[in-house]
Every structure is written in structure tokens, then in C-alpha cells.
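Notes for the structure review
Here's the letter readout for the chains.
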Number of protein chains: 4
Amino acid sequence: MSVTTDVAGTVRALRAQVAELHGELTRWRLVAWTAGNVSARVPGRDLMVIKPSGVSYDELCAEAMVVCDLDGRLVEGAHAPSSDTAAHAYVYRHLPQVGGVVHTHSTYATAWAARREPIPCVLTMVADEFGGEVPVGPFALIGDDSIGRGIVETLRASRSRAVLMANHGPFTVGPDPRAAVKAAVLLEDVARTVHIARQGGSPVPIASEHVDALFDRYQNVYGQPTRPISRSDA
Amino acid sequence: MSVTTDVAGTVRALRAQVAELHGELTRWRLVAWTAGNVSARVPGRDLMVIKPSGVSYDELCAEAMVVCDLDGRLVEGAHAPSSDTAAHAYVYRHLPQVGGVVHTHSTYATAWAARREPIPCVLTMVADEFGGEVPVGPFALIGDDSIGRGIVETLRASRSRAVLMANHGPFTVGPDPRAAVKAAVLLEDVARTVHIARQGGSPVPIASEHVDALFDRYQNVYGQPTRPISRSDA
Amino acid sequence: MSVTTDVAGTVRALRAQVAELHGELTRWRLVAWTAGNVSARVPGRDLMVIKPSGVSYDELCAEAMVVCDLDGRLVEGAHAPSSDTAAHAYVYRHLPQVGGVVHTHSTYATAWAARREPIPCVLTMVADEFGGEVPVGPFALIGDDSIGRGIVETLRASRSRAVLMANHGPFTVGPDPRAAVKAAVLLEDVARTVHIARQGGSPVPIASEHVDALFDRYQNVYGQPTRPISRSDA
Amino acid sequence: MSVTTDVAGTVRALRAQVAELHGELTRWRLVAWTAGNVSARVPGRDLMVIKPSGVSYDELCAEAMVVCDLDGRLVEGAHAPSSDTAAHAYVYRHLPQVGGVVHTHSTYATAWAARREPIPCVLTMVADEFGGEVPVGPFALIGDDSIGRGIVETLRASRSRAVLMANHGPFTVGPDPRAAVKAAVLLEDVARTVHIARQGGSPVPIASEHVDALFDRYQNVYGQPTRPISRSDA
């Protein structure tokens, strides 16, 4: 009984946090219309909190969020879950360290995805946050586990928190939903900056030992003590 | 009498909705100054609600909207109707399933229009919303039915909800005005993303069977049960 | 005495209008920091109202505006006039139909100016508002009449309301300050759209007879009954 | 005692100013998430006021700012100082005329930095504010004095207020923190405009004697009486 009460409180807090984090997607101009979603794992439970489908961002209050199990089935909520719920659920099932997932169609990240080209590590911010180039995932149709599987396999082969799904758009993960949103914001920022850098000529790569040094420092010193997510699930 | 009363209520509601939808045009940065307009068909009547000409977006309240017949003549309202009224009216006369029309000069869509080049289907979002490449309509001068005819002929030859009128800008349609505004927002989003993708190299096309699968699913599953508009008027 | 009172009222109204129009420069993102200014001629007087120098846009209330004579000397106001006052004053002295002048360093217009390249007329909006390509003025240093002379000579040789001063930025004019601000907003919009169009290939030019038809219609029908400004001063 | 009181008042005022100036970084879209920082020297003291590490911009009130000595050690404040504190401190130790330092990863300036390419002086605004091309500093890892030394050496060899640190991003300085923020805003503005100008062809350089004339006038006439900063520390 007290456990159930605890979970209810956790879910309530996560609903509020996930709703508020959708505001960051619009604030940083990562989404057009309703084309983006944030989810959070309910810690210790096979549950997740996610955006409902097709609801305007202006109406995304805590109450509108829905709770699903990790097969993507609706457990609690008045709306149908996001059409991307299956992909989020697959990530939570297969990457236990992930506590938050974000999907957008942010412009510059999606432009790299349309060419199926990784974002090269030519900025210290790319090294800091993504530990090297941002990888591309496979082309996958919505409707089964293809997208989720593509995300997980790509993240496992990299230390990046972000994957560019081919012809589709980026997914980012983090130990909690706020970290996943931060990764989505910084991903679009570096996707844009590197694109523009390359439009004007050839960006200079950062030597791989410097990439390692930057990534290690940022993950361990700059307030992010967790180990890289994609490697921690081997 | 009760019919008239019903229409008055419908018109009042549509005035409010059309006024509010102009706010979406500025919110998503689709218009400069007053260069864009939204209209709605009055269901079951040969009437439409449309933006007045040359009124600042800050003043676009429900009361400022005007009602025209489907020949573009003013029926009700204190202002002259938009200078694009003839084009909207032509669309309503010839595409009975269309309930809303939007015209903008949004930057990236208009850039494709200036080259008279369709937007290729290299993103899942293009397949979802437009069912394939976004087509180009003819160059047409304002002042007669040329623009309306160009829109209708181009939409009939495609399953797209958007047409890029040559050297001019995009028109989008939908079963209701909100859907037409959504199409305008997503059109600019994909016009921008595909442009940027191509600036950096060659986007990978999506196979046509995948385009069909995505379009069918999105139109039939993702909260949009209506059949494709441009084909339903044959 | 009553004349003086009338002028005081006119000046008071123009101060308020000019202050408010600076808000349009930031709203449409035409200026960085304080790098842009609007002025208005005081009708029937050799006076103008203009932005003070180096004052933050947040502080640009009606009271902060200054009044100068048409040699650019301060007549009324607590601040020094804009460092571009001499150029505005020269325009008013030599183009009597001009009632408002705007100067910005808006990004895309200034990029064309850096290449000293006119903006080609490949959009109906360019034909409507500018009547053809937007011309480039000479390189001129600040400090004497060089900038003003360059603006006036370039506008006289064109029917455009805008001139791109080489390596510097755009100036726009209008029969009143609001029309000059509208021209500045639409100039940046078409400068951006045509730039992007050309990045992706070759925009298709509009035939000159169509340019003429569009310009004539827009100037005479679409709520702008005044004759072209730059030609009216021959 | 009264001296201490005076310093306390100065620090309090600087905390408020530095907090407020971070609002300019977001207003002018120079930072993504928390990736930017402003600092101010405490005049006459070996102290500086700087942004805390990893705090959201929404929470950057005066109280959240921290005070460090010029070796970057925390003197007063509830949070750890910015991870860039060592670089700011190095600048204050070696450039006594500098009263404010700003670091961002603003998109266009960082794109030039990724190519290690200076921004050429093809706009009057570049000549006015930076006195010539904006120089590139060395690639330097965070963690010791490398970044600070790179900034100082590059600024000393130029009359620019801005340096583009290779693969990293810009640092700007000024006699006070507001001037450093202004330089950061104008730097991004010219980085963007010159990038776009060059995408469309070849910008025309400004003759060096004109660059000198513009810089001298702007620094001495346009409300900025202080001598160039980077030269004043020889």
C-alpha cells in the first residue's frame, strides 16, 4: 500500500516534469506543431510517463500526460499515448540506465539524418556532450520495434547520447528526462554549428586524444557523474 | 429561421477560429508584416470567412474577419477582404472536400517556389503529411482566376496538401482551417530541413513503397481519418 | 501661436509613432543591440523626429526621441541624435515626398550589400514592393553627406523604396515612417528568401512586363495610392 | 571598514548587473542551454563576479552569482563558479583595462572558430567594433591556463575585442561587462552576415585606410571614449 502510494507520488512528479520539459522543446525551437515528445521512466517500475498523441503543446499540462507500461500499452491517462511510444518503450526495456528519452525532428539534426551522415567531432561541445561523432541509425518504418531496435543498436556501438535516425530525426537519451532534453538541445546546436562551419570550408577535426580528454572531464567533473549510458548496458 | 440562426453561430465560431489561427502564422514565423492569410469554408453554405486586407496581425480579432461568397464578394464585414480572396474562393468552388485554405510567403517554401522546384520526399515527415514530393504550380498573376486554377490543377494531380506557386509562395489546404494551418507549418519545416540537408550533400530518397506506407498510416491512424483531399474531387 | 501649438501636437504624435516603430525593428529581428534607426519628417516643417544615439531599445519611449532640423542639428531633446542623422536629413532635403526613413543592418540585406550585388526580382513580393531589383548604393564613409547623397542618387535611378549601401546596410524610405518600416521588413524578408533560393540553384526571373503589372497593381490597388517615391522627385 | 562596505555595495551592484546581462545572452540567442557566461571585474580589487556552474538561465538572479579571486577560487557564493572561471581570471590578471569578459558558443562565431578562420573585415560594423578582422586563438584544452593564455596572446596581437578560440567558441572583452556583452552580440551578428555574404559570392573588402577611419571614429566619437583594450596592455 505505501509502495503504491510512493509510486503514485513519483508518477505525479514525473507527469509534471515531463509536461514542463515539453516547454523546453518549443523554447529551443526543436519542434514544429506537435512533432516531438519527451518520456521518463518510472524508477523501479516497468512504467513510463509520455506525451499523449496529437495534443497541442499549449495544452500539455501534467494531467494530460499518460502512463504506459514498457510494451507501450496505456496504463493511466485520458488520451492515447504518442505514436512514438513503442520506440521509447523499446529503449527503456533494453537500456536499463536510461531514465529519459526525447524525440524531435529538429531542423539541422534531421538534415544530417536525411543524408545519413554522422555529425563530425569538430567542436569541443560535441566532444563534451557526445564523446565523438554523433552516429546515424538505420532507416526504419513506424509500427513495430524497428525504430527502437535501431536506436538501441546504434547507441550501444557508440558513447553518444544521441542517434540520428535515417530520413527521420534524432532520438536522445539520458539518466533522467532533463538530461535527455539537454542532449536534444545541444545536439541541434552542434548540428547547426557544424553544418554552417562546413558550408564555409573545412572544419578542423579535434584529435581523438583531445576528444577523450574533453569527454572524460565533462562526464566526470561537470556535474554529470553517471557513466556513459550506451556502454553501460553490455 | 433556425437555419439562419445556426449559420450565424457557425460564422461567429469560424471568425474566432480564423482570427486565432492567424496567430499561428506569426508564432511559427510564416509571415512578414501582413503577408499571409487563412480562410475557412462555412459548411453547407457558399460562404467563407477570411482575413481582411492590409490589417495588422495585432488587430486580427474575430470581429475584423470578413465573410465572402464563393465568388469572393464581400457579404459581411467592415473591411475589404484579403487581396488573395479570389484564389481562396476558387479552391472552395472546385474542391468540395476542402474546408480551410492558407497562403503564406514562408521563407524556405517560397525559395523552392522561386526555383520552380518541387521539394523531394527525403524525410518521413514529407511522406506522412504530403504523401510524396511537394509539387510546384504555374506562374500566375493576381487579378483573375489564374492563381486559383493553378492551385486546383496542381493539387488534383498530386496527393499533397500543399502547392508551391511559382515565384510566389505556398498555398495549403485541409478538411478544416486548422489542418490547413498545420500543413503550412509542416511545409515550411520540411522545406527548410530538406534545403539544409541538400546544402550539405545529397539526401537519400525514401523508397516509394515506404512513402506509401507512411502516408497511409499517418492519414488513417494518426488522428486524420479523412481521405486525401486532392484525390477526393475527381 | 496656434500654428506652433499644432506643430507641437504633431511632433508629440510623431515621437510616439517613431518610438513605437523601433519596436517593429526588434520584433522582426532587423537590428542587433542598438544598430538601427527610424525617423519621420514633420510635415510642412524643416524638421524631423529621430532616435537618439546609443540608447537601448528598451528605453526608446516617446520622450527619448529627439527633434532635429534638416541639417541634422538638434532642436529638441535630452539626448544626442543618432549618428546616422546626417543621412536621414539629406534624404528629407532632397526627396520631398519622403516622410519616413529607416536604416538597419539586417542580416540578409546587409549580406547582399557586402557583395555590392542587387537583389534580383525573382519573387512577386519583390515586384510588388520594390518594382524590380533592389539596387546597391556606393561605399561611403560616415561623417559628411556621402551616405545621404549615395542613397538619394541610387533611389532616383530606380523605383525601389530600398537601397543597399555597399559594405554597410540597407536604407528604406516611404511616404510615412510606417511605410518605410514595412519596406525594411519586406526587404529583409525577400533578401533572405532570394538568398536561400539561390543557394539551392537558379531562381527563375519574372518577365519584366509581369514585374510592371505587379508593381502597378500593388502600388495603386493594394492600399498604397501614393506614386512611387523615388521617381516623384525628378 | 568603510572600504569593506564600499566593496560590498560594488559587489552587490555587479552581481545584479552580471545576472541581468545573462538575460542579454538568451535574448540575442547566443547560448544554448547553459553554455555561456559573463563576468565582471570588481574595480580596484583582485576579485571578479561570475556565473555559477550549471545553473539554469531562469535561475540566474543576483544572489546566485559567485565572487572569485583572480586565481579563480571561490570567495563568496552558494554555488561552484563557472567551469570557464580560470579563463576569465587569466584575462583579468593579464589585461588590467578589461572590466568584463563574455564567453559563448554562439552559432556563427563558433562556425568560423571550427574552421580556424578569421572573420574578414567586409562590413562597416566589423571595422567600427573590431577594428579589422576578428582573429582566431589557438586550440586549448580546459583545465589549466591554456585557454586564458590563448585569449590574451591573441587579443594583444590585434585591436579586436573578440577572439575566436579554435574549435571552441568566442570570448569578448570590454572596459565593463556591458561592453563585453555588446561585443558578443555584434560579433555573432557580423559572423552571421559575413558567412551569408560569402555563401552567395565574394564580399568586397574595405580598404585598410577606411577601416582605420571607421574604427577611430567609432571608438572616439560614438560614445566609447576608452582606448582599444588589447593594445593598452603592452
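Let us look at the structure shown here. (Residues numbered from 1 in each chain as written. Chains lettered and ligands numbered in written order. Predicted model: local features only at pLDDT ≥ 70, side-chain atom pairs only at ≥ 80, totals over all residues. Heavy atoms only, no water.)

**With respect to the overall build of chain A**
Along chain A, the regular secondary structure elements total seven helices and eight strands. Counting only C-alpha atoms and orienting by the principal axes, one finds that chain A spans roughly 60 × 35 × 30 Å. Here chain A holds 234 residues, and 62% of them are scored as buried. Of the accessible surface of chain A, which amounts to about 8300 Å², a share of 51% is contributed by carbon and sulfur atoms. Here chain A carries 22 positive and 25 negative side-chain charges, and the mean point of each set is 1 Å from the other. (Helix = DSSP H or I, 4+ residues; strand = E, 2+ residues; numbered from the N terminus. Buried < 20%, exposed > 50% of the residue type's maximum accessible area, 1.4 Å probe, protein only. Areas by Shrake-Rupley, 256 points an atom, 1.4 Å probe, with all protein chains shown as cover. Lys, Arg positive; Asp, Glu negative; His and termini not counted. Charge placed at Lys NZ, Arg CZ, Asp CG, Glu CD.)

**Some words on the side chain of Asp128 of chain B**
Residues and elements named next belong to chain B. By the secondary structure assignment, Asp128 is in helix α4 (residues 124-130). Of the side chains bearing the opposite charge, Arg217 lies closest to the buried Asp128, which forms no salt bridge; the N-O distance is 7.0 Å. Setting aside chain neighbours within four positions, we find Asp128 in contact with Leu214, Phe215, Tyr218 and Gln219. (Salt bridge = Lys/Arg side-chain N within 4 Å of Asp/Glu carboxyl O. Contact = heavy atoms within 4.5 Å.)

**Structural notes on the side chain of Thr110 of chain A**
Counting through the fold element by element, Thr110 of chain A comes out in helix α3 (residues 107-115). By relative accessible area, Thr110 of chain A is classed as buried at 2%. When near neighbours in sequence (up to four residues on either side) are disregarded, Thr110 of chain A contacts His105, His168, Gly169 and Pro170 of chain A together with Leu123 and Thr193 of chain B.

**As for the relation of the copies chain A and chain D**
Of the two same-sequence chains, chain A is brought onto chain D (RMSD 0.0 Å, axial shift 0.0 Å) by a rotation of 90°. Such a turn and shift between the copies fits a four-fold axis. Relative to the rotation axis, the C-alpha of Gln199 of chain A is the closest in chain A, positioned 5.3 Å from it. A distinct binding surface is used by each copy, with only 6% of the interface residues of chain A retained as interface residues in chain D. (Least-squares fit on C-alpha atoms with pLDDT ≥ 70 in both.)

**Points about the packing of helix α2 (residues 85-94) of chain A against helix α5 (residues 146-156) of chain A**
Residues and elements named next belong to chain A. Remark: α2 packs on α5, axes separated minimally by 7 Å, with the N-to-C direction vectors making an angle of 45°. As summarised for this structure, α2 and α5 are arranged oblique, according to the angle between their axes. Between α2 and α5 the crossing geometry is right-handed. Mapping the contact onto sequence places Ala87, Tyr90, Val91 and His94 in α2 and Ile147, Gly148, Arg149, Ile151, Val152 and Arg156 in α5. For the contact of α2 with α5, a count of residues per class yields six nonpolar, two polar and two charged. (Axes fitted to C-alpha atoms, helices over the stretch in contact; angles between N-to-C directions. Parallel < 35°, antiparallel > 145°, perpendicular 65-115°, else oblique. Left-handed = near helix turned anticlockwise from the far one by under 90°. Nonpolar A, V, L, I, M, F, W, Y, C, P; charged D, E, K, R; others polar.)

**Re the environment of Leu123 of chain C**
The topology assignment puts Leu123 of chain C in the loop between α3 (107-115) and α4 (124-130). With a relative accessible area of 3%, Leu123 of chain C lands in the buried category. Sequence separation between Leu123 of chain C and Val194 of chain C is 71 residues; the distance between their C-alpha atoms is 7.8 Å. Look past the residues within four positions of Leu123 of chain C in its chain and what remains in contact with it is Thr110, Ala114 and Asn167 of chain B together with Val190, Thr193, Val194 and Ile206 of chain C.

**Some thoughts on the pattern of salt bridges**
Any two side chains of opposite charge can pair, so long as their charged atoms come close to each other. Applying the stated criterion across every chain yields a total of 48 salt bridges over all chains. Measuring nitrogen to oxygen at the nearest pair gives 4.0 Å for the salt bridge that ties Glu129 of chain A to Lys182 of chain A. One end of the pair, Glu129 of chain A, is in helix α4 (residues 124-130); the other, Lys182 of chain A, is in helix α6 (residues 177-199), and 53 residues separate them in sequence. Across the salt bridge formed by Glu76 of chain B and Arg15 of chain B, the nearest N and O atoms sit 2.9 Å from each other. With Glu76 of chain B in strand β4 (residues 74-76) and Arg15 of chain B in helix α1 (residues 2-27), the pair connects residues that are 61 residues apart, well separated along the chain. Judged by its relative accessible area of 40%, Glu76 of chain B is partly exposed. A cluster of three or more residues bridged by salt bridges with shared partners is formed by Asp69, Asp71, Arg73, Arg93 and Asp145 of chain A.

**Looking at unusual backbone geometry**
Notably, Arg116 of chain C is not glycine yet its phi reads approximately 55°, a positive angle. Relative to the elements of secondary structure, Arg116 of chain C occurs in the loop between α3 and α4. Located in the positive-phi region is Asn167 of chain D, a residue other than glycine, with phi close to 60°. With respect to the element layout, Asn167 of chain D can be found in the loop between β7 (162-165) and β8 (169-174).

**Structural notes on the relation of the copies chain D and chain C**
For these two chains of identical sequence, chain D goes onto chain C by a turn of 90° and a shift of 0.0 Å along the axis, with RMSD 0.0 Å. When the interface residues of chain D are mapped onto chain C, a mere 6% of them again lie at the interface, so each copy presents a different face.

**Overview of the sheet that holds strand β5 (residues 100-103) of chain C**
Residue and element names in this part refer to chain C. One open sheet accounts for eight strands, arranged β4-β3-β2-β1-β5-β8-β7-β6; its pairing is mixed. At either end of the open sheet lies a strand with only one pairing partner, and these are β4 (74-76) and β6 (136-137). Here β5 pairs with strand β8 (residues 169-174) via four bridges, running antiparallel. Note on β8: the bridge partner recorded for Val101 is Val173. Sheet contacts for helix α6 (residues 177-199): β1 (37-42), β5, β7 (162-165) and β8; angle to β8, the most-contacted strand, approximately 140°. (Pairing = 2+ DSSP bridges.)

**Some thoughts on the pairing of strand β5 (residues 100-104) of chain B**
All names here are of chain B. A large share of β5 lies buried, amounting to five of its five residues. Alternating positions in β5 separate into two faces, Gly100, Val102 and Thr104 on one and Val101 and His103 on the other, with burial throughout. Here strand β1 (residues 36-42) pairs with β5 via five bridges, running antiparallel. Within the sheet, the bridge partner assigned to Val38 lies in β5 and is Val102.

**What about the interface of chain A and chain D?**
Taken together, the contact between chain A and chain D spans 31 residues of the former and 29 residues of the latter. Taken over both partners, the interface formed by chain A and chain D buries close to 2600 Å², and the fraction arising from carbon and sulfur atoms is 63%. Where chain A packs against chain D, one counts one salt bridge. Of the charged contacts, one joins Asp58 of chain D and Arg27 of chain A as a salt bridge, the two residues approaching to 2.6 Å between their closest N and O atoms. For the interface between chain A and chain D, the tally reads seven residue pairs in polar contact (both at pLDDT 80 or more). Among the secondary structure elements, those contributing two or more residues to the side of chain A that touches chain D are α1 (2-27), α4, α6 and α7 (208-220) of chain A. Sort the elements by how many residues they give to the side of chain A that touches chain D and α6 of chain A lands first, with 11 residues. The residue makeup of the side of chain A that touches chain D, split by class, is 16 nonpolar, seven polar and eight charged. (Buried area = accessible area lost by both parts, 1.4 Å probe. Polar contact = N/O pair within 3.5 Å; in protein donor to acceptor, adjacent residues only side chain to side chain.)

Note that all results are geometric; they support no functional claim without further evidence.
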